[in-house]
Every structure is written in structure tokens, then in C-alpha cells.
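# Summary of the model geometry
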Amino acid sequence: MTSLYFVRHAQPDYRTGVDSTYALSAEGIEDRMQACNTLKDIRLDVCVCSPYRRSIDTVIPIVQGHNLEIITDIRLRERDKGKGISNTHEMFRKRWKDFSFCEEGGESLSECQKRNIEAVKDILKKYENKNVLIGTHGTALSTIINYYDDSFGIEYFLRIINYMPYVVRLDFINDKFAGMEELAFVEKEFHGQKQ
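Here is a short report on the structure shown in this document. Small disclaimer: the values here were computed from a predicted structure and weren't measured.

## Focus on the overall build of the protein
When you go through the protein residue by residue, the secondary structure sums to six helices and eight strands. Taking 195 residues into account, the globule formula puts the C-alpha radius of gyration at 16 Å, and the protein, at 15 Å, falls close to it. Over its C-alpha atoms, taken along the principal directions, the protein stretches across nearly 40 × 35 × 25 Å. Once local pairs closer than 6 in sequence are excluded, the contacts in the protein between residues at least 24 apart make up 71%. Total accessible area computed for the protein in this model is approximately 9100 Å², and 47% of it derives from carbon and sulfur atoms. In the protein, 27 side chains carry a positive charge and 30 a negative one; their mean positions are 3 Å apart.

Structure (C-alpha cells):
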């Protein structure tokens, strides 16, 4: 069995740059230890992570505790948001109703899902029968879960949108999805506009 331990990043400080460079907030730095403590007694063989700073900063204590290196994969990044982004519940529902919808210059949920699933399938092939830590993002992770379990839709997404960090395990036998378990989360207040 191959187990993928996805860790959605802890709370970022949106004042610290652009989407790819947001640092963790002071709360996020503290909250990431929840993910670290959740995974401390689980054997992890490798870490593959989004190259975005908030994802890397979230998994750093985990990889240090397991003596792993961080391998980055650009395909695991968050959805490209484009211009005129409006992260309201109404806009979330619009995107989930039509996976092909996107803002100007942005990426649809379908496109985000496609590249994330390509990365996951490569990870499953390369690290068969291993426990893999994956540093990820809320929308990216949601589209991955949706791909393997289509009952995961907008209501589930809205439930986890404020889970930062959020730790979930997806199990696979060969490359076939065998189940999912939520392991931990820290719930934060939704402020809109960012994800």
C-alpha cells in the first residue's frame, strides 16, 4: 500500500509578498506544529512539496523530525488565480459548479486538478509502497480529493477552506484509490479574498 500524507499549509501572512512567496503568519508558525505532532510517529519515506513558501515552511518541522529532504514539484502549486480574483462563497460555488470556469488569466479547477493529478500519479509510480508526505494548498488538495472521490464537492471544500494546516491521508493499492482519512486540522476564520 502507498499512503500519501497531504499537508495543506498553515495560515499565511498575505502581506508578505505575492502568492508564491507568502510567509507563514506568527499563528501559522505555531499551528504547523499540529501537523508535525500528528505525523511524528508515522514512518515517512519522502517529502514532495509545492515550491510555494507557505507550503515549504509548513512541512519544514516535519521533514526535520523525519530526517528527509524536500523535493519540490511545481505541479503541486496552488491554482493560478488570474486577474480580478474574488474569493467569496459565491465565487467558490461558481467555480465548483463549472470546473472549466476561470478568471481572466487564471486557471480553472479542471486545469488545476489535471496538473495536480499528473503529479500524484507520478508520485504513486515512483514511490510505490512508501509513505509520502506532500505539502500542498487548499484548492489544489480539494481537486485531488474530488478526482478520487467525486462526492467531495463544494460543501466539503467550504468546510475545509479554513483548515490551516489540514492533514489528510489518501491510501492506494498499486495506483487504485483505497480510502481517505482526515488526521488533523486547525480551523481559522475565513476572511475572503485569499485561499
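Here the narrative resumes, following the displayed structure.
## So, the sheet that holds strand 1 (residues 2–8)
Read from one edge to the other, the open sheet built from six strands follows the order 5-4-6-1-7-8, with strand pairing classed as mixed. A single partner strand is all that each edge strand has here, and the edge strands are strand 5 (70–72) and strand 8 (176–187). Here the average twist between neighbouring strands, direction ignored, is 20 degrees. Helix 5 (residues 138–148) rests against strand 1, strand 6 (131–136), strand 7 (163–173) and strand 8 of the sheet, and its axis sits at about 30 degrees to strand 7.

## Points about the side chain of R77
Along the polypeptide, R77 turns up in the loop between strand 5 and helix 3 (89–97). Taking relative accessible area as the criterion, R77 reaches 16% and is therefore assigned buried.

## Looking at the packing of helix 4 (residues 109–126) against helix 5
The interhelical angle for the contact between helix 4 and helix 5, taken along N-to-C directions, is 75 degrees, at an axis separation of 9 Å. Taken as axis vectors, helix 4 and helix 5 run roughly perpendicular relative to one another. Along its contact with helix 4, which presents L109, C112, Q113, N116, I117, V120, K121 and L124, the element helix 5 presents T139, A140, T143, I144, N146, Y147 and Y148. For the contact of helix 4 with helix 5, the class distribution of residues is nine nonpolar, five polar and one charged.

## Side note on the nonpolar core
Soluble globular proteins: nonpolar side chains tend toward being buried together. Counting 32 residues, the largest nonpolar core has L4, F6, I123, V132, Y148, F157 and L170 as its most contacted members. Elements represented by at least two residues in this core include exactly strand 1, strand 4 (46–49), helix 3, helix 4, strand 6, helix 5, helix 6 (154–160) and strand 7. Here the element with the most residues in this core is helix 4; it accounts for six residues. Of all hydrophobic cores here, the second largest spans 15 residues; its members include V7, A35, L44 and V167.

## Details of the packing of helix 1 (residues 26–39) against helix 2 (residues 53–66)
The description of two packed helices rests on the angle between their axes and on the distance between the axes. Interaxial distance between helix 1 and helix 2 falls to 8 Å at its minimum, and their mutual angle equals 30 degrees. Judged on the interaxial angle alone, helix 2 and helix 1 are roughly parallel. Between helix 1 and helix 2 lies a crossing of right-handed hand. Contacts between helix 1 and helix 2 involve R32, M33, A35, C36 and L39 from the first element and D57, T58, I60, P61, I62 and H66 from the second. Within the contact of helix 1 with helix 2, the residues separate by chemical class into seven nonpolar, two polar and two charged.

What counts, and at which threshold
Residues numbered from 1 in each chain as written. Predicted model: local features only at pLDDT ≥ 70, side-chain atom pairs only at ≥ 80, totals over all residues. Heavy atoms only, no water. Helix = DSSP H or I, 4+ residues; strand = E, 2+ residues; numbered from the N terminus. Rg over C-alpha atoms; globule rule 2.2 N^0.38 Å. Contact = heavy atoms within 4.5 Å. Areas by Shrake-Rupley, 256 points an atom, 1.4 Å probe, with all protein chains shown as cover. Lys, Arg positive; Asp, Glu negative; His and termini not counted. Charge placed at Lys NZ, Arg CZ, Asp CG, Glu CD. Pairing = 2+ DSSP bridges. Axes fitted to C-alpha atoms, helices over the stretch in contact; angles between N-to-C directions. Buried < 20%, exposed > 50% of the residue type's maximum accessible area, 1.4 Å probe, protein only. Parallel < 35°, antiparallel > 145°, perpendicular 65-115°, else oblique. Nonpolar A, V, L, I, M, F, W, Y, C, P; charged D, E, K, R; others polar. Core = buried A, V, L, I, M, F, W, Y, C linked by side-chain atoms within 4.5 Å. Left-handed = near helix turned anticlockwise from the far one by under 90°.

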